[in-house]
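Tertiary structure, described
Take a look at the letters that make up each chain.
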Amino acid sequence: MKLQGKVWKFGNDVDTDLIIAARYLNSSDPAELARHCMEDADPQFASKVQPGDIIVAAKNFGCGSSREHAPIAIKAAGVSCVVAKSFARIFYRNAFNIGLPIFECPEVIDELKEGDTITVDAATGAITNLTTGKEYQAVPIPDFMRQIIDAGGLISYVKGRVNQGV
């Protein structure tokens, strides 16, 4: 799976309240959450992000509460993946659970510029900046976790395995 999109840059410690503010948690509708994705970090994000775009962030992305609303909002906004120096562990787990690919790559935050177009190869972790031609190496997603992503998340993956008699 190769992902391609425009870069949206965010800094350190982007917590789940910046991803989707608590005032919107009265809804679990992905489309409604998407309308407010990253609103407190960048008020224009939800109206400008395009399907396939990629969030690039510094360290500890997704820290804060354990709410699954944060990766749901990102995925529903059309973001194809998130690349960061590091992720909060609960966000990391929630992202895979809902089928949002995420990649750890420490050097990209310092190298990429907002608006650059990049590709991310989920199988190898190779990241290519199509704007500059520079290449980076993220931690690749293990095969079994890519199967979860490909299925659309953990629940869909388990339902598929049950239906196959596995």
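For the protein chain, the name recorded in an unreviewed UniProt entry is 3-isopropylmalate dehydratase small subunit, with Desulforamulus profundi as its organism. If you open the UniProt record of the protein chain and go to Function (unreviewed entry), you find "Catalyzes the isomerization between 2-isopropylmalate and 3-isopropylmalate, via the formation of 2-isopropylmaleate."

With that out of the way, let us pick up the side chain of Arg-67. Turning to its location among the elements, Arg-67 is positioned in the loop between β2 (54-57) and α4 (69-76). Look at Arg-67 and you get buried, because its relative accessible area is 17%. Of the polar contacts made by the side chain of Arg-67, one reaches the side chain of Asp-17; its length is 2.7 Å. Excluding its chain neighbours within four sequence positions, the residues that come into contact with Arg-67 are Thr-16, Asp-17, Ile-20, Ala-22, Leu-25 and Asn-94.

For the rest of this paragraph, the subject is the state of the cysteines. Under the definition given, this model contains zero disulfides. As a non-bridged cysteine, Cys-63 has Cys-37 as the owner of its nearest cysteine sulfur, 15 Å distant. A residue is classified by how much of its surface remains accessible, and Cys-63, at 14% relative accessible area, is buried.

Our next topic: the packing of aromatic side chains. As enumerated under the stated definition, the model contains six aromatic pairs in all. Their ring planes at 5° and their centres at 6.1 Å tell us that Phe-87 and Phe-91 sit as a pair that is stacked. Both residues of the pair, Phe-87 and Phe-91, belong to the buried class. Here a set of aromatic residues connected by ring pairs shows up, and it is made of Trp-8, Phe-10 and Phe-45. Over the ring of Tyr-92 we find Arg-89, and its NZ or CZ is 4.9 Å from the ring centre.

The positions UniProt marks with the feature "domain: Aconitase A/isopropylmalate dehydratase small subunit swivel" (unreviewed entry) are residues 42-100. Within residues 42-100, the helical portion is 37% and the strand portion 14%, while the C-alpha atoms at the span's ends are 20 Å from each other.

Let us now look at the sheet that holds strand β5 (residues 117-121). In space, the seven strands of this open sheet follow the order β4-β3-β2-β1-β5-β6-β7, with mixed pairing throughout. Edge strands, defined here as strands with exactly one partner in the open sheet, are β4 (102-104) and β7 (135-137). For this sheet the average axis-to-axis angle between neighbouring strands, irrespective of direction, equals 30°. Alignment of strand β6 (residues 126-129) against β7, held across three bridges, turns out to be antiparallel.

Cut-off values and rules
- Residues numbered from 1 in each chain as written.
- Predicted model: local features only at pLDDT ≥ 70, side-chain atom pairs only at ≥ 80, totals over all residues.
- Heavy atoms only, no water.
- UniProt positions renumbered as here; feature names shortened; annotations may be inferred.
- Helix = DSSP H or I, 4+ residues; strand = E, 2+ residues; numbered from the N terminus.
- Buried < 20%, exposed > 50% of the residue type's maximum accessible area, 1.4 Å probe, protein only.
- Polar contact = N/O pair within 3.5 Å; in protein donor to acceptor, adjacent residues only side chain to side chain.
- Contact = heavy atoms within 4.5 Å.
- Disulfide = S-S within 2.5 Å.
- Phe/Tyr/Trp six-rings, centres within 6.5 Å; stacked < 30°, edge-to-face > 60°.
- Lys NZ or Arg CZ within 6 Å of the ring centre and 35° of its normal.
- Pairing = 2+ DSSP bridges.
- Axes fitted to C-alpha atoms, helices over the stretch in contact; angles between N-to-C directions.

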